[in-house]
6 protein chains.
Amino acid sequence: MPYVNIKLTGDHEAPSRTQKSEIIAGVTELLSRVLNKNPASTVVIIEEIPMDNYGLGGKSITEVRKTNTK
Amino acid sequence: MPYVNIKLTGDHEAPSRTQKSEIIAGVTELLSRVLNKNPASTVVIIEEIPMDNYGLGGKSITEVRKTNTK
Amino acid sequence: MPYVNIKLTGDHEAPSRTQKSEIIAGVTELLSRVLNKNPASTVVIIEEIPMDNYGLGGKSITEVRKTNTK
Amino acid sequence: MPYVNIKLTGDHEAPSRTQKSEIIAGVTELLSRVLNKNPASTVVIIEEIPMDNYGLGGKSITEVRKTNTK
Amino acid sequence: MPYVNIKLTGDHEAPSRTQKSEIIAGVTELLSRVLNKNPASTVVIIEEIPMDNYGLGGKSITEVRKTNTK
Amino acid sequence: MPYVNIKLTGDHEAPSRTQKSEIIAGVTELLSRVLNKNPASTVVIIEEIPMDNYGLGGKSITEVRKTNTK
């Protein structure tokens, strides 16, 4: 019955459909195994945030990626 | 003054503009009636989540819909 | 299958157990009626926020209540 | 290390890239100055909500804008 | 750099400190393994919701637990 | 009209009432100045998360603080 919300960068960093399925399955399994939560009512929502809208260290990820290698 | 966030599936399951208006009006009225909250400052945000990104029972809704009828 | 999150003031403004049940039932019924969503997997989470932590108009509700009647 | 989520109207009211950078920088600076939080791990996420999906006073912002000047 | 929020029932169903550590470690590892996300900036927040405030199927979990075994 | 949610560590790291007022005022002013948003309907909610429930780098902040100075 838990609710899980995952926010990560979209645009060209967006996960593939297969990766999203793995995340959904993996988080649901983790909560079932560790906390004995019912998988049938576990909700997992993945939100893809444009890189201009995601800030870390006072800068958008768009800017962070320009400075950094990876 | 309450804040309400509703997340539901988008893509071809997305609500119409009229349905969204009904949801906004209905939730605001409910909180006013039951809790005497001021409708003028009640915020309702509806987020439409792609079916690949919405998981229930360890599977994305895209996969769930393939298996299920309805 | 929708997910609903409601944030409102707690402390002495917190809703009673009965009011919370009415909100949960009412929102679930609304989404079922307007959008034909399955009530069985509709999740509603009510969060009670201390009045010092809830801001409107640049002031906490604690301060707002001192100034206003109601 | 704090996490900040800002939801505001998108569509033609969406902030520009420059404005989003200013918001990210400004909130991070505020939390560092007032609370001494480490900017390096402060996360700020801006979400742009379609005007049909954002309700205030029981109406969507689309409807609110038709009635109001500004 | 992803942000993860997990909401689950508190009160006597609340996870132990050890279980919370396992959840934090497990989700971070999953996102690193599947999506190659940097664990150092992955944020995981667990919120324990009182059973009266958590609704499923139109009823609070307090009421659900009275009806159900487990 | 924007909605802002700030999550940070509570327990002995919780902000004081005065600091919370400064954060509410500061964020509201920032959104008004940069985006010309109406302060009267800007909502800011601060949530204090127990240190056991806040994870960074795969560990709870409780564990992180044991290892680190500051």
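Scroll up to find the structure.
All of the points below concern the structure found in this document.

Calculation criteria
Residues numbered from 1 in each chain as written. Chains lettered and ligands numbered in written order. Predicted model: local features only at pLDDT ≥ 70, side-chain atom pairs only at ≥ 80, totals over all residues. Heavy atoms only, no water. Least-squares fit on C-alpha atoms with pLDDT ≥ 70 in both. Contact = heavy atoms within 4.5 Å. Salt bridge = Lys/Arg side-chain N within 4 Å of Asp/Glu carboxyl O. Polar contact = N/O pair within 3.5 Å; in protein donor to acceptor, adjacent residues only side chain to side chain. Helix = DSSP H or I, 4+ residues; strand = E, 2+ residues; numbered from the N terminus. Pairing = 2+ DSSP bridges. Buried area = accessible area lost by both parts, 1.4 Å probe. Nonpolar A, V, L, I, M, F, W, Y, C, P; charged D, E, K, R; others polar.

For the rest of this paragraph, the subject is the relation of the copies chain A and chain E. The operation relating chain A to chain E is a screw motion whose rotation component is 180°, with 0.0 Å of axial translation and a residual RMSD of 0.0 Å. Expressed as an axis order, the relation between the two copies is that of a two-fold axis. Across chain A, the smallest distance between a C-alpha and the rotation axis is recorded for Asn-5 of chain A, namely 2.6 Å. When the interface residues of chain A are mapped onto chain E, 100% of them are again interface residues, pointing to one common binding face.

Another aspect to go through is the interface of chain D and chain F. In this complex, chain D contributes 28 residues to the contact, which on the side of chain F involves 28 residues. Viewed at the interface, chain F and chain D are joined by 0 salt bridges. Remark: the boundary between chain D and chain F carries 11 residue pairs in polar contact (both at pLDDT 80 or more). Elements that contribute at least two residues to the side of chain D that touches chain F include exactly strand 1 (3-9), helix 1 (17-35), strand 3 (54-56) and helix 2 (61-67) of chain D. At 9 residues, helix 1 of chain D tops the list of elements feeding residues into the side of chain D that touches chain F. Bridge count between strand 1 of chain D and strand 1 (residues 3-9) of chain F: 5 bridges; the pairing is antiparallel. Note on strand 1 of chain F: the bridge partner recorded for Tyr-3 of chain D is Lys-7 of chain F.

Moving on, we come to the interface of chain A and chain E. Interface size is often expressed as the accessible area that is lost when the parts come together. Listed as interface residues are 28 residues of chain A and, on the opposing side, 28 residues of chain E. Summing the contributions of chain A and of chain E, the shared interface buries around 2,300 Å²; its carbon and sulfur component is 70%. For the pair chain A and chain E, the interface holds 0 salt bridges. Linking chain A to chain E there are 11 residue pairs in polar contact (both at pLDDT 80 or more). For the side of chain A that touches chain E, the elements supplying multiple residues, two or more each, are strand 1 (3-9), helix 1 (17-35), strand 3 (54-56) and helix 2 (61-67) of chain A. With 9 residues, the top contributor of residues to the side of chain A that touches chain E is helix 1 of chain A. Residue composition of the side of chain A that touches chain E, grouped by class: 16 nonpolar, 6 polar and 6 charged.

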